[in-house]
Amino acid sequence: MNLSIFLLLSLALITSTAWADENTSDIKLYTLDCGTMAVSDMKDLSNNGSYNGQQIELANPCFLIRHPKGDLLWDTGLTDSIADHANGETSGVWHYQLKDKLVDQLKLLKISADDIEYLALSHIHPDHSGNANHFKNSTFIINKLEREYMFSKPINAIFGESYSALKQANTITFDAEHDVFNDGTVLIKAMPGHTPGSSVLLVHLANSGNVLLTGDLYIHARGRKLGTMHKYNVDKQLTRASRKQFEALAKQKNARVIIQHEKQDVDRLPKLPSYLD
């Protein structure tokens, strides 16, 4: 190879690598406390009755990814109005509590809802989409099947109050995967089953490595170990296939798995204003 061509190629490779390393080093993953859920009877968390009568405390975080090209908010948690009630709200065996509103936590970082460039939801259940309407000016990233599901008449009638404004939002839909910043650092991957277009999030951080956020592919750590799933999964067979794909991805990427409702996983993450990088 001509020496000058070799030097040019080497310089291009070094520049590209340096840019990638610099880009990755600027990415920060913040965990926001978007509520807790005390479950007095875990009967809904298994399709085979294995948890009937048992109790569990579930976390309910949202995540902010700050990238040189913009901010991505992953899930919007329980609706902020719950914070106005000292004792939270109860629905059947579920007791919901919220200490600090999502919009107020963003203010700690000097961010308003209108500053968020991208909003993505793992799926549209109200513990993950409770404040979505605040972000109607963000670019909404959602799996194509999930968008069809969320705005279908029966589902919109049940859950739509928290996300209805997103129907008119600037929207990006995807099938299998979406690269948020077009550099491989923040990938949304379809893992359907819990809902038709449920997704997970893979984030590559310079110091912490790869982090995988599960949405509701798994609800808690014991469920991941035992292979149980929520009674009201839309498609249990599809969920099993997604879990197989997820575990292969986690192994391939040597990723730290964060089960979003698993209290121990969430408790180990830095609290605001600290972050993973």
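For clarity, every value in this text was computed on a predicted model and none was experimentally measured.

Engineer: Any chance you could explain the packing of aromatic side chains here in plain terms?
Structural biologist: Given two aromatic rings, one states the distance between the centres and the angle between the planes to describe the pair. One pass over the structure, following the stated rule, counts five aromatic pairs. Measuring from centroid to centroid gives 5.7 Å for Y118 and F181, while their planes differ by 85 degrees, and the two rings are edge-to-face. One end of the pair, Y118, is in strand β6 (residues 118-120); the other, F181, is in the loop between β9 (177-179) and β10 (186-190), and 63 residues separate them in sequence. Above the ring of Y218, the side-chain terminus of R224 is found at 5.8 Å from the ring centroid.

Engineer: Just to check I follow, could you spell out the pattern of salt bridges for this structure?
Structural biologist: Where charged atoms from two side chains of opposite charge approach closely, those side chains can pair. Taken as a whole and judged by the stated rule, the model has seven salt bridges. Salt-bridge contacts for K101 lead to D84; the nearest nitrogen and oxygen are separated by 3.1 Å. Linking K101 in the loop between β5 (94-97) and α2 (102-108) with D84 in the loop between β3 (70-74) and β4 (89-91), this pair joins segments that are 17 residues apart in sequence. Accessibility expressed as a relative area gives 24% for K101, which makes it partly exposed. The shortest N-O distance in the salt bridge between D265 and R268 comes to 3.6 Å. Under the relative-accessibility criterion, R268 is labelled exposed at 55%.

Engineer: Help me understand the sheet that holds strand β2 (residues 56-67) in this model?
Structural biologist: By way of backbone hydrogen bonds, the strands of a sheet pair with one another, either parallel or antiparallel. Pairing is mixed across the open sheet formed by eight strands, whose spatial order is β4-β5-β1-β2-β3-β6-β7-β8. The open sheet is flanked by β4 and β8 (171-174), the only strands paired with a single partner. Strand-to-strand twist of the sheet, defined as the mean angle between neighbouring strand axes without regard to direction, takes the value 25 degrees.

Engineer: When you look at the sheet that holds strand β11 (residues 199-205) in this model, what are you seeing that I'm missing?
Structural biologist: The sheet built from five strands is open, its strands ordered β9-β10-β11-β12-β13 with mixed pairing. Lying at the two open borders of the sheet, with one neighbouring strand each, are β9 and β13 (256-258). The mean angle between the axes of side-by-side strands here comes to 20 degrees, regardless of whether they run parallel or antiparallel. Both β9 and β10 contribute to a ladder of three bridges, which runs antiparallel. What sits directly across from E177, in β10, is K189.

Engineer: Help me out: how do you make sense of the UniProt feature "domain: Metallo-beta-lactamase" (unreviewed entry) in the protein chain in this one?
Structural biologist: When the UniProt feature table is mapped onto this chain numbering, "domain: Metallo-beta-lactamase" (unreviewed entry) sits at residues 59-261. The span residues 59-261 shows a helical share of 24% and a strand share of 28%, and its end C-alpha atoms are spaced 5 Å apart.

The rules behind the values
- Residues numbered from 1 in each chain as written.
- Predicted model: local features only at pLDDT ≥ 70, side-chain atom pairs only at ≥ 80, totals over all residues.
- Heavy atoms only, no water.
- Phe/Tyr/Trp six-rings, centres within 6.5 Å; stacked < 30°, edge-to-face > 60°.
- Helix = DSSP H or I, 4+ residues; strand = E, 2+ residues; numbered from the N terminus.
- Lys NZ or Arg CZ within 6 Å of the ring centre and 35° of its normal.
- Salt bridge = Lys/Arg side-chain N within 4 Å of Asp/Glu carboxyl O.
- Buried < 20%, exposed > 50% of the residue type's maximum accessible area, 1.4 Å probe, protein only.
- Pairing = 2+ DSSP bridges.
- Axes fitted to C-alpha atoms, helices over the stretch in contact; angles between N-to-C directions.
- UniProt positions renumbered as here; feature names shortened; annotations may be inferred.

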